[in-house]
Amino acid sequence: MKKTARAHTNIALIKYWGKSDEMLHLPLMSSISMTLDAFYTDTSFERCPKANEDIFFLNDQRIEISKSQRVITYVHRLQNMFGLKEHFRIDSTNHVPTSAGLASSASAFAALAASFAKAYHLDCSLNELSRLARLGSGSASRSIFGGFVEWQKGHDNMDSFAIPINEAPKLDLCLLAVEVDAAPKKLASSVGMKKAQGSPFFPIWLKQNETEIAQMRTAIAHDDFDGIGKLAEQNANEMHAINLTARPGFTYFEPDTIKVIQLVHQLREEGIDCYYTIDAGPNVKILCQLRNHQIIQERLQKVLSHVKIVFAQFGPGITYLD
Ligand code: DP6
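Since the structure is predicted, the reported quantities are computational estimates derived from the model, not experimental observations.

Asks: I tried to follow the overall build of the protein chain on my own but got confused; where do I start?
Replies: The helix and strand inventory of the protein chain stands at eight helices and 14 strands. For 322 residues, the compact-globule estimate of 2.2 N^0.38 gives 20 Å, and the C-alpha radius of gyration of the protein chain, at 19 Å, lies within 12% of that figure. Along the first, second and third principal axes, the C-alpha set of the protein chain runs to 65 × 40 × 40 Å. Across the protein chain, contacts joining residues at least 24 apart in sequence account for 74% of those joining residues at least 6 apart. Surface exposure of the protein chain reaches about 13800 Å², of which carbon and sulfur atoms provide 53%. The average position of the 34 basic charges and that of the 35 acidic charges among the side chains of the protein chain differ by 4 Å.

In structure tokens:
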């Protein structure tokens, strides 16, 4: 019996960057994201009681056990939670540039949690599903829902999950994902966020988060494009400042990352409203309005002719394909 779920990835507008519990992926701060239509993962989970091993296929390629530990261990963990034990097969197709800064782990673990729950007929609410996805990757908790989503940090495993803010926003907001480097990220998020805690500014980052979460909720409630963009850019800058000031400091930025940032500044000076945000990688996501996306794309291509640019809008929450 095979069950397939589709989850879209999300971009954090107010970032999760710090954990209070690594095993449970409990965050030190709440985060707010936008689910994206252009990037998603389809995952089938099949129960195989007669098989003698667990099998994982990614993009039609069998992944050897040593390279699929994160996924296999995650499923064993879910099985243990529900008192289940049998072999399984996972087939996952990623429509996300893997590890290139648009968290593919978000859509991957959200789709896996949902297909697992469906295959075992677990009676899970969406909030429970968000908790299960969180155990695979923190940002996956938000990919259960569409539109604008808030992952409320909570206090423990039971109350740390995402909730929808607005699943079908009417706001004119789109995103250009600028892939300046397609290589896998040099430093996994889990490692980066741990190092970042060594920054003397980390306590300020935590304090800022509370303010910015409240401000972002307000900006979303008022369909305030500029408010959302300014806050997202400010929050991303703060996250990357924490990285630079860790002991020792580090950065995900590459020279082309800076070129895109400078272009966004320049475009704003010319009166074209746009803002950037950057996750744990060198790639930049530009937030803009529909009427401006073409001109921004043309200007990007002039400065960086080799970059790949993907256009995205609001995406939906979890869907089931069978
Ligand atoms: C910068 O969710 O990938 O994208 O919980 O260790 O799997 P783990 O981390 P992950 O971190 C995402 C970090 C981020 C910001 C965000 O998405 O909120």
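Asks: Just checking my understanding: could you explain the packing of aromatic side chains for this structure?
Replies: When we look at a pair of aromatic rings, we describe it by the centre distance and by the angle of the planes. Inspection of the entire model under this criterion finds 11 aromatic pairs. Note on Phe45 and Phe116: the rings are 5.3 Å apart at their centroids and 75° apart in plane angle, and the pair reads as edge-to-face. Of this pair, Phe45 sits in strand E4 (residues 31–47) while Phe116 sits in helix H2 (residues 104–119), placing them 71 residues apart in sequence. Assigned by exposure class, Phe45 and Phe116 land together as buried. On the basis of an interplanar angle of 70° and a centroid distance of 5.0 Å, the ring pair of Phe148 and Phe314 is categorised as edge-to-face. In this pair, Phe148 sits in strand E8 (residues 148–152) while Phe314 sits in the loop between strand E13 (308–312) and strand E14 (319–320), placing the two residues 166 residues apart along the sequence. An identical accessibility class is assigned to Phe148 and Phe314; each is buried. In textbook terms, an aromatic cluster arises when at least three aromatic residues are bridged by ring pairs, as seen for Phe45, Phe82, Phe88, Phe116 and Tyr120. The cationic tip of Lys118 hangs over the ring face of Tyr320; the distance from NZ or CZ to the ring centre is 4.5 Å. Seen from the ring of Phe250, Lys195 lies directly overhead, with NZ or CZ sitting 5.6 Å from the centre.

Asks: Would you explain the nonpolar core in this entry?
Replies: Burial of nonpolar side chains together is a common tendency in soluble globular proteins. Core analysis: the biggest nonpolar cluster contains 47 residues, and Trp17, Phe45, Tyr74, Val75, Ile90 and Leu112 have the highest contact counts within it. A total of nine residues in this core trace back to one element, the largest contributor, which is H2. Beyond its immediate sequence surroundings of up to four residues, Trp17 is in contact with Met29, Ser189, Gly192, Met193, Ala196, Phe202, Trp205, Met239, Asn243, Tyr252 and Ala280. Core analysis: the next-biggest nonpolar cluster, separate from the first, contains 25 residues, Ile32, Val96, Ala219 and Tyr275 among them.

Asks: Whenever I open this one, the packing of H2 against helix H3 (residues 126–136) confuses me. Can you help?
Replies: In a packed pair of helices, the relevant descriptors are the angle between the two axes and the axis-to-axis distance. Direction vectors running N to C along H2 and H3 enclose 125°, while the axes themselves pass 8 Å from each other. Relative to H3, H2 is oriented oblique. Every pair of crossing elements has a handedness; the one defined by H2 and H3 is right-handed. Residues Phe109, Ala110, Ala113, Ala114 and Ala117 of H2 pack against Leu129, Leu132, Ala133 and Gly136 of H3. Looking at side-chain class alone, the contact of H2 with H3 contains eight nonpolar, one polar and no charged residues.

Asks: Which parts of the structure should I look at to understand unusual backbone geometry?
Replies: Excluding glycine, residues mostly have negative phi values, and the peptide bonds linking residues are mostly trans. Residue Arg247 is joined to Pro248 through a cis peptide bond whose omega torsion reads 0°. Tracing the backbone shows Pro248 in the loop between helix H6 (225–244) and helix H7 (255–269). Located in the positive-phi region is Asp60, a residue other than glycine, with phi close to 70°. With respect to the helices and strands, the residue Asp60 is situated in the loop between strand E5 (55–58) and strand E6 (61–62). Its identity as a non-glycine residue notwithstanding, His121 has a phi of 50°, on the positive side. Considering the arrangement of structural elements, one finds His121 in the loop between H2 and H3.

Asks: Explain the pattern of salt bridges here, please?
Replies: For side chains of opposite charge, pairing can occur when their charged atoms come near one another. This structure, assessed with the given rule, holds 13 salt bridges. Note that Asp256 and Lys259 form a salt bridge whose closest N and O atoms lie 3.7 Å from each other. One end of the pair, Asp256, and the other, Lys259, are both in helix H7, three residues apart, so they sit about a helical turn from each other. Here Asp256 falls in the buried class, since its relative accessible area comes to 16%. We classify Lys259 as partly exposed; its relative accessible area is 39%. Arg299 serves as the salt-bridge partner of Glu270, at 2.8 Å between the closest nitrogen and oxygen. Of this pair, Glu270 sits in the loop between H7 and strand E11 (274–277) while Arg299 sits in helix H8 (residues 293–303), and the two are 29 residues apart along the sequence.

Conventions used here
- Residues numbered from 1 in each chain as written.
- Predicted model: local features only at pLDDT ≥ 70, side-chain atom pairs only at ≥ 80, totals over all residues.
- Heavy atoms only, no water.
- Helix = DSSP H or I, 4+ residues; strand = E, 2+ residues; numbered from the N terminus.
- Rg over C-alpha atoms; globule rule 2.2 N^0.38 Å.
- Contact = heavy atoms within 4.5 Å.
- Areas by Shrake-Rupley, 256 points an atom, 1.4 Å probe, with all protein chains shown as cover.
- Lys, Arg positive; Asp, Glu negative; His and termini not counted.
- Charge placed at Lys NZ, Arg CZ, Asp CG, Glu CD.
- Phe/Tyr/Trp six-rings, centres within 6.5 Å; stacked < 30°, edge-to-face > 60°.
- Buried < 20%, exposed > 50% of the residue type's maximum accessible area, 1.4 Å probe, protein only.
- Lys NZ or Arg CZ within 6 Å of the ring centre and 35° of its normal.
- Core = buried A, V, L, I, M, F, W, Y, C linked by side-chain atoms within 4.5 Å.
- Axes fitted to C-alpha atoms, helices over the stretch in contact; angles between N-to-C directions.
- Parallel < 35°, antiparallel > 145°, perpendicular 65-115°, else oblique.
- Left-handed = near helix turned anticlockwise from the far one by under 90°.
- Nonpolar A, V, L, I, M, F, W, Y, C, P; charged D, E, K, R; others polar.
- Salt bridge = Lys/Arg side-chain N within 4 Å of Asp/Glu carboxyl O.

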